[in-house]
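One-letter residues, chain by chain:
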Amino acid sequence: MIFRLLIALITFTTMSMGIAFKLQAAAVDAMPVAGPASQPVGHYDFCIRYPRECKPSSTDRGPMMLTRESWSTLVDVNWSVNRIPAVVDQEIYGVGEYWAYPVDAADCEDFALQKRKLLMRRGISASNLLITVVLQPDSSGHAVLAVRTDLGDFVLDNLRGEIRIWSQTEYSYLKRQDAQDPGKWVKINDGRETIAVSGIR
């Protein structure tokens, strides 16, 4: 109980594997979603190859409870997967967009897929592990894994070791998987103007 009160009121830094992770949550900070969005082409193709990954498997019981143990799990998986070399799909597969579980290298969406898979194996519900499409400050497309918790939505990103609450990142958020159906996508209204995504279709 003391731990949960602390993370709700102050900022603290957790050291794990030599990397600092800041956890800030003065209040519940969940991404505002509204209405259906188009499924990225790469995810559509992924769902054809892995249909079981894109079908509802359980009822959405709401955001997961963030505890010291679950936070440690997020930190561990984020750190381990981020060690995979980052390489664009064109160099790995010879095509501009191909969503897959990484072997020797990964593009941004591959990092998100792998983290989602490993976190599900460690007991976190698929409804709380949502691949999310964002726009970087240079207007290029990017994919991250959003984790829904009772203290807000946190972002696991291959471009940084630090796990942050979504609103404390520099991204514009466009859409993410539907918590009730991983094969469907919903729009994110983060209050900022965005333009068409390049690179994540």
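Describing helix α2 (residues 41-49)
Here is step 1: Restricting attention to buried positions, one finds in α2 the residues G42, H43, F46 and C47. The arc that holds the buried residues of α2, viewed along the axis, is 140°, so those residues lie on one side.
Here is step 2: The inward-facing, buried residues of α2 contact α5 (108-121), β8 (172-178) and β9 (181-188).

Considerations on the sheet that holds strand β4 (residues 129-135)
Here is step 1: Taken together, the seven strands give an open sheet; going across it, the order is β3-β9-β8-β4-β5-β6-β7, and neighbouring strands pair in antiparallel fashion. This sheet does not close on itself; its edge strands, each paired only once, are β3 (33-37) and β7 (164-165).
Here is step 2: By the bridge criterion, four bridges tie β8 to β9 in an arrangement that is antiparallel. When the sheet's bridge partners are listed, Q177 is paired in β9 with W185.

Let's talk about the environment of L174
Here is step 1: As for its position among the elements, L174 is in strand β8.
Here is step 2: Residues L174 and V134, 40 residues apart in the sequence, show an inter-C-alpha distance of 5.4 Å.

Considerations on unusual backbone geometry
Here is step 1: Here S139, not a glycine, exhibits a phi torsion of approximately 75°, which is positive.
Here is step 2: Following the sequence through the fold, S139 ends up in the loop between β4 and β5 (141-149).

Examining the state of the cysteines
Every disulfide links exactly two cysteines, by a covalent bond between their sulfur atoms.
Here is step 1: Tallying each qualifying case throughout the model produces one disulfide.
Here is step 2: Here C47 is linked by a disulfide to C54, with a sulfur-sulfur distance of 2.0 Å. Note on the C47 and C54 pair: the S-S dihedral is about -85°, so by sign convention the disulfide is left-handed.
Here is step 3: Here C47 falls in the buried class, since its relative accessible area comes to 12%.

Concerning helix α3 (residues 68-81)
Here is step 1: Between its first and last C-alpha, α3 extends 20 Å over 14 residues, near the 20 Å set by a 1.5 Å rise per residue.
Here is step 2: Taken residue by residue, α3 has S70, W71, T73, L74, V75, V77, N78 and V81 as its buried positions.

Topic: the packing of α3 against α5
A pair of packed helices can be characterised by two numbers: the angle between their axes and the separation between those axes.
Here is step 1: Interhelical geometry of α3 versus α5 gives an angle of 140° and a closest axis separation of 10 Å. Taken as axis vectors, α3 and α5 run oblique relative to one another. Taken as a pair, α3 and α5 cross one another with a handedness that is right-handed. For the pair α3 and α5, the contacting residues are T73, L74, V77, N78 and V81 in the first and F111, Q114, K115, L118 and L119 in the second.

What to know about the packing of aromatic side chains
Here is step 1: Evaluated as defined, the whole model comprises eight aromatic pairs.
Here is step 2: Aromatic side chains W99 and W185 sit 6.3 Å apart centroid to centroid with 75° between the ring planes, which places their arrangement in the edge-to-face category. Remark: W185 occurs in strand β9 and W99 occurs in the loop between α4 (89-93) and α5; sequence separation between them is 86 residues. You'll find W99 and W185 in the same group, each marked buried.
Here is step 3: Through successive ring pairs, a cluster of aromatic residues spans F46, Y50 and Y101.

Notes on the nonpolar core
Here is step 1: With 40 residues, the main nonpolar core has L74, L119 and Y173 as its most contacted residues.
Here is step 2: Sorting the residues of this core by element identifies α2, α3, α5, β4, β5, β6 (152-156), β8 and β9 as the ones contributing at least two each.
Here is step 3: In terms of residue count, α3 provides more of this core than any other element does, five residues in total.

Quick word on the environment of N189
Here is step 1: Here N189 is to be found in the segment after β9.
Here is step 2: Using a relative accessible area of 43% as the deciding quantity, one classes N189 as partly exposed.
Here is step 3: With 15 residues separating them along the chain, N189 and L174 place their C-alpha atoms 7.3 Å apart.
Here is step 4: Residues in contact with N189, not counting those within four places in the same chain, are P32 and A34.

Reading the values: rules and limits
Residues numbered from 1 in each chain as written. Predicted model: local features only at pLDDT ≥ 70, side-chain atom pairs only at ≥ 80, totals over all residues. Heavy atoms only, no water. Buried < 20%, exposed > 50% of the residue type's maximum accessible area, 1.4 Å probe, protein only. Helix = DSSP H or I, 4+ residues; strand = E, 2+ residues; numbered from the N terminus. Arc of directions from axis to C-beta. Contact = heavy atoms within 4.5 Å. Pairing = 2+ DSSP bridges. Disulfide = S-S within 2.5 Å. Expected span 1.5 Å × (residues − 1). Axes fitted to C-alpha atoms, helices over the stretch in contact; angles between N-to-C directions. Parallel < 35°, antiparallel > 145°, perpendicular 65-115°, else oblique. Left-handed = near helix turned anticlockwise from the far one by under 90°. Phe/Tyr/Trp six-rings, centres within 6.5 Å; stacked < 30°, edge-to-face > 60°. Core = buried A, V, L, I, M, F, W, Y, C linked by side-chain atoms within 4.5 Å.

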